[in-house]
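Listed below, chain by chain, are the residues.
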Amino acid sequence: MWLAVLMGCTSPAATSCDVLVRTEGLIATEKLCQEEVAEVAKALAQQGMYVHAKCFKLTVGSTV
């Protein structure tokens, strides 16, 4: 399972950033996750934000 995470900043100096985490549940495959973060990152970039998007692999039921 994969978790989609994006960081959107209003300037390249990263003085004002928001972290966005997909709250609709985990994504089944890495490919689907990458497609989703790319779509959201593109929309944020069109609004003038600087964006870094990443998918994190999660092992359900494990403890850290």
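Residues numbered from 1 in each chain as written. Predicted model: local features only at pLDDT ≥ 70, side-chain atom pairs only at ≥ 80, totals over all residues. Heavy atoms only, no water.

Novice: So what about the environment of Ala13? Which residues, and what values?
Specialist: Its location among the elements puts Ala13 in the loop between strand S1 (2-9) and strand S2 (17-21). Sequence separation between Ala13 and Lys57 is 44 residues, and the spatial gap between their C-alpha atoms is 28 Å. (Helix = DSSP H or I, 4+ residues; strand = E, 2+ residues; numbered from the N terminus.)

Novice: I'd like a description of helix H1 (residues 30-46), backed by residues and values.
Specialist: The end-to-end C-alpha distance of H1 is 24 Å, a good match for the 24 Å that 17 residues give at a rise of 1.5 Å each. If you check which residues of H1 are buried, you get Cys33, Val37, Ala41 and Leu44. Viewed along the axis of H1, the buried residues span an arc of 60°, placing them on a single side of the element. Across H1 from its buried face, at more than 90 degrees, point the exposed residues Lys31, Glu39, Lys42 and Gln46. Elements that come into contact with the buried residues of H1 comprise S1, S2 and strand S3 (50-57). (Expected span 1.5 Å × (residues − 1). Buried < 20%, exposed > 50% of the residue type's maximum accessible area, 1.4 Å probe, protein only. Arc of directions from axis to C-beta. Contact = heavy atoms within 4.5 Å.)

Novice: Tell me about the state of the cysteines, residues and numbers included.
Specialist: Throughout the structure, instances matching the rule amount to two disulfides. In this model, Cys33 is linked to Cys55 through a disulfide, with the two sulfur atoms separated by 2.2 Å. The sign of the S-S torsion, about -105°, decides the handedness of the disulfide formed by Cys33 and Cys55: left-handed. Here the residue Cys33 occupies a position in helix H1, and Cys55 occupies one in strand S3, the gap between them amounting to 22 residues. The exposure class assigned to Cys55 is buried, which follows from its relative accessible area of 13%. Looking at the protein chain, its bonded cysteines, counted consecutively from the start of the sequence, adopt the pairing 1-2, 3-4. (Disulfide = S-S within 2.5 Å.)

Novice: Run through the pattern of salt bridges, naming residues and quoting values.
Specialist: Taken as a whole, this structure holds three salt bridges when the rule is applied. Its salt-bridge partner being Glu24, residue Arg22 comes within 3.9 Å of it at the nearest N-O pair. Judged by its relative accessible area of 68%, Glu24 falls in the exposed class. For Glu35, the salt bridge identified is with Lys31, shortest N-O distance 3.8 Å. Of the two residues, Glu35 and Lys31 are both situated in helix H1; the distance of four residues between them amounts to about one turn of the helix. (Salt bridge = Lys/Arg side-chain N within 4 Å of Asp/Glu carboxyl O.)

That's the geometry; what it means functionally is another story.
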